[in-house]
Amino acid sequence: MAKNRAAIAKHPDHDGGAPARWAVLRERADMQHWFLEKAIADLCSTSNVIPLTNQHIDLLVRSELVSVVFEMKSCAPLDVAGPLRRAAWQLLEYRYLYRDELGADVRLCVVIERRPRGSCEWLIGFLEHLGIGIIWRNDGDEALSCSDFTKTLLGDVLPPMNGWEARPILWQ
């Protein structure tokens, strides 16, 4: 065991748990999470629905008999799969845990910092298979985009989404 610790400590990528480095990464993730929440809250405001939150759910929208649960995820450019998987798990768990409060028509949506692409693009179809929508921030600007499935899933609750146009992917 001590031998493994010594090997890890000598590894060039190991910084001994430098608190400052982790604090910066955490702050960036928190800021991106906040930007995503604000973008969805603004979308809700434009749609005349009030977003709610609690200690678990990032944002919840209720409109008539429909509840929409949003889970925000920041991600590194090359790590989209992990956050998407965690978001899907969380959303399914929230739908179950809050089933009595949410009602019969519960819709789930991941909001992520960037569009899955390349070897992770299949995750869009995977989320759709689970009945989960996905919204992402566009490359090069602060606007949002989503899959056609997500427009169909949420367009009646959040009508401005129906006017969103797909933007080109700037990098793979």
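Attention in this report is confined to the structure presented alongside it.

Rules used in this analysis
Residues numbered from 1 in each chain as written. Predicted model: local features only at pLDDT ≥ 70, side-chain atom pairs only at ≥ 80, totals over all residues. Heavy atoms only, no water. Helix = DSSP H or I, 4+ residues; strand = E, 2+ residues; numbered from the N terminus. Buried < 20%, exposed > 50% of the residue type's maximum accessible area, 1.4 Å probe, protein only. Contact = heavy atoms within 4.5 Å. Pairing = 2+ DSSP bridges. Axes fitted to C-alpha atoms, helices over the stretch in contact; angles between N-to-C directions. Core = buried A, V, L, I, M, F, W, Y, C linked by side-chain atoms within 4.5 Å. Phe/Tyr/Trp six-rings, centres within 6.5 Å; stacked < 30°, edge-to-face > 60°. Lys NZ or Arg CZ within 6 Å of the ring centre and 35° of its normal.

Quick word on the overall build of the chain
Consideration 1: Regarding its fold elements, the chain presents 6 helices and 6 strands.
Consideration 2: Mapped from its N terminus to its C terminus, the chain presents α and β elements in the order α-α-β-β-β-α-α-β-α-β-β-α.
Consideration 3: Looking at the chain as a whole, 42% of its 172 residues qualify as buried.
Consideration 4: For the chain, restricting intrachain contacts to residue pairs at least 6 apart in sequence, the fraction spanning at least 24 positions comes to 54%.

Considerations on unusual backbone geometry
Consideration 1: In this structure, Asn48 is a non-glycine residue whose phi angle is positive, near 60 degrees.
Consideration 2: Within the secondary structure layout, Asn48 lies in the loop between helix H2 (19-46) and strand S1 (51-52).
Consideration 3: Phi angles above zero are rare outside glycine, and Glu64 is one such case at about 55 degrees.
Consideration 4: Structurally, Glu64 is set in the loop between strand S2 (59-63) and strand S3 (66-73).

Topic: the sheet that holds S2
Consideration 1: The 6 strands lie next to each other as S1-S2-S3-S4-S5-S6, forming an open sheet whose pairing is mixed. Bordering the open sheet on either side are S1 and strand S6 (144-146), each of which pairs with just one other strand.
Consideration 2: In this structure, S3 lies alongside strand S4 (residues 105-112), joined through 8 bridges in parallel fashion. Bridge pairing in S4 links Phe70 to Cys109.
Consideration 3: Across the sheet, helix H5 (residues 122-129) is in contact with S4 and strand S5 (132-137); its angle to S5 comes to roughly 145 degrees.

Some points on the nonpolar core
Consideration 1: With 24 residues, the main nonpolar core has Val69, Leu84, Val110, Ile112, Leu127, Ile132 and Ile134 as its most contacted residues.
Consideration 2: Looking at this core, the elements with two or more residues in it are helix H3 (81-97), S4, H5 and S5.
Consideration 3: A per-element tally of this core places H3 first, with 6 residues.
Consideration 4: For Val110, the residues in contact, after removing those within four places along its chain, are Glu71, Leu84, Ala87, Ala88, Leu91, Leu127, Ile132, Gly133, Ile134 and Ile135.
Consideration 5: Ranked by size, the runner-up nonpolar core spans 22 residues in total, among them Val61, Val68, Ile135 and Leu153.

Some points on the packing of aromatic side chains
Consideration 1: Applying the stated criterion across every chain, the model contains 2 aromatic pairs.
Consideration 2: Sitting over the face of the ring of Tyr96, Arg99 holds its NZ or CZ atom 4.0 Å from the ring centroid.

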